[in-house]
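The lines below spell out each chain.
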Amino acid sequence: MTRDSVLIVEQLTKRYADFTAVADVSFTLGRGRTLALVGESGAGKSTIGAVVTGLTSATSGRVELVAEAGAADRRTRRGSRLQLVPQDPYSTLDPRQSIGSALDEAVTLAGRMSRADRSARTTQLLDLVGLSSEHARLLPRSLSGGQRQRVAIARALAADPDVLVLDEAVSALDVSVQAQVLNVLNRVQRESGTAYLFITHDFAVVRQIADEVLVLRGGRAVEYGSADQVLGAPEAAYTRSLLDATPRPGWRLPSAG
Ligand SMILES: Nc1ncnc2c1ncn2[C@@H]1O[C@H](COP(=O)(O)OP(=O)(O)OP(=O)(O)O)[C@@H](O)[C@H]1O
């Protein structure tokens, strides 16, 4: 755990009528770090993401976005400091809008008004996620799934946020494309210092991206620690059972015959 925290969640509970989706969950995301929220379907991962991004309110508990120490951060809107990358960028990209135009719009919303500055920032964002100005001219349907997810990441980074909440952001991609997008995310984090709250059901993905891991079951935290500890020496029987069900690096299907 780092001392420089960017997001603090304390005793978060979310109830829908008399059903408790998230119960008393606490965690801290360090600046420039990646915390994976991992668990099976229905564990409460997306609900935590929705509360953190302000899409829904908590029943009780506290969510705090911490301003950088010493920085006179005038960006008071949560949206500029925390951005969501959804699983399916198709749902948020306008099919009639070119990639360049979509990014330009995000950069404009982020408050960069001069046209030359906007264009330079768009080029920089494309470059950051490994796309070129050729891609900027294309419509979303002309891109592959991995390229579209890169665009979604670039767009989320336009406001230079402190935190990206990535909700199953690579789950729909083939494993090799997944690895490319995870490499992009790792590089972006090194270059920009953005912290990631990374929501996934997949321990193979957790292995490639996380510094810290919180394992959820039925809305409750069952294990929370460094990725090395949780993946290498899990304490909870539930974590061990999830890990046992995950193919390890080098794992192969037994050959037939
Ligand atoms: N708006 C809602 N009204 C009632 N129950 C809800 C609502 N949203 C989520 N839930 C319930 O809360 C629980 C947690 O859902 P959540 O989507 O957070 O889980 P998850 O871990 O993200 O699972 P998945 O990976 O399947 O999305 C589930 O049992 C779900 O049915």
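The protein chain is annotated in an unreviewed UniProt entry as ABC transporter of Branchiibius hedensis. What UniProt records for the protein chain under Sequence similarities (unreviewed entry) is the sentence "Belongs to the ABC transporter superfamily."

(A) Just the domain arrangement of the protein chain, in detail. Domain annotation for the protein chain reports domain 1 (1-68 + 76-81 + 163-243) and domain 2 (95-158). Measuring from the centre of the C-alpha atoms in domain 1 to the corresponding centre in domain 2 gives 26 Å. With 13 residues of domain 1 at the contact, the number on the domain 2 side is twelve residues. Across the domain 1/domain 2 interface, buried area totals approximately 960 Å², and carbon plus sulfur atoms make up 71% of it. On the domain 1 side of the interface with domain 2, the three residues burying the most area are Leu164, Val184 and Val188, jointly 37% of the side's total. Inspection of the region where domain 1 meets domain 2 yields two residue pairs in polar contact (both at pLDDT 80 or more). In terms of residue count, helix α7 (residues 175-192) provides more of the side of domain 1 that touches domain 2 than any other element does, eight residues in total.

(B) Layout of the sheet that holds strand β5 (residues 82-85). A sheet is described by the order of its strands in space; here six strands give the open sequence β5-β6-β7-β3-β8-β9, paired in mixed fashion. Edge positions in the sheet fall to β5 and β9 (220-226), since each has one partner strand and no second. Shown here is a sheet whose adjacent strand axes are inclined to one another by a mean of 15°, direction ignored. Pairing of β5 with strand β6 (residues 163-167) involves four bridges; the strand directions are parallel.

(C) The side chain of Arg121, seen in detail. Relative to the helices and strands, Arg121 resides in helix α4 (residues 115-128). As a buried residue without a salt bridge, Arg121 has its nearest oppositely charged side chain in Asp160, at a separation of 4.7 Å. Among the polar contacts listed, one links the side chain of Arg121 to the backbone oxygen of Ala158, at a separation of 3.4 Å.

(D) Structural context of the environment of Gln97. Looking at the secondary structure, you find Gln97 in the loop between β5 and α3 (99-109). Taking the relative accessible area as the measure of exposure, Gln97 reaches 15% and is therefore buried. Spatially, the C-alpha atom of Gln97 lies 8.5 Å from that of Leu138, the residues being 41 residues apart in sequence. The contact partners of Gln97, leaving out residues within four places of it in the chain, are Ala102, Glu105, Leu139 and Pro140. Within polar-contact distance, the side chain of Gln97 engages the side chain of Glu105 at 3.1 Å.

(E) Seen up close, the site of the ligand. For the ligand, the full set of nearby residues is Tyr16, Phe19, Ala21, Glu40, Ser41, Gly42, Ala43, Gly44, Lys45, Ser46 and Thr47. At 2.9 Å, a backbone N or O of Gly44 approaches an oxygen atom of the ligand. Separating an oxygen atom of the ligand from a backbone N or O atom of Ser46 is a distance of 2.8 Å. Considered on its own, the ligand offers 630 Å² of accessible surface; in the complex 57% of this is hidden by protein. Elements represented by at least two residues in the shell around the ligand include exactly β2 (19-30) and α1 (45-52). The biggest single contributor to the shell around the ligand is α1, with three residues. Of the residues contributing to the shell around the ligand, the split by class is four nonpolar, five polar and two charged.

Parameters and conventions
- Residues numbered from 1 in each chain as written.
- Predicted model: local features only at pLDDT ≥ 70, side-chain atom pairs only at ≥ 80, totals over all residues.
- Heavy atoms only, no water.
- UniProt positions renumbered as here; feature names shortened; annotations may be inferred.
- Domains from an automatic or database assignment.
- Contact = heavy atoms within 4.5 Å.
- Buried area = accessible area lost by both parts, 1.4 Å probe.
- Polar contact = N/O pair within 3.5 Å; in protein donor to acceptor, adjacent residues only side chain to side chain.
- Helix = DSSP H or I, 4+ residues; strand = E, 2+ residues; numbered from the N terminus.
- Pairing = 2+ DSSP bridges.
- Axes fitted to C-alpha atoms, helices over the stretch in contact; angles between N-to-C directions.
- Buried < 20%, exposed > 50% of the residue type's maximum accessible area, 1.4 Å probe, protein only.
- Lys, Arg positive; Asp, Glu negative; His and termini not counted.
- Salt bridge = Lys/Arg side-chain N within 4 Å of Asp/Glu carboxyl O.
- Near = heavy atom within 4 Å.
- Areas by Shrake-Rupley, 256 points an atom, 1.4 Å probe, with all protein chains shown as cover.
- Nonpolar A, V, L, I, M, F, W, Y, C, P; charged D, E, K, R; others polar.

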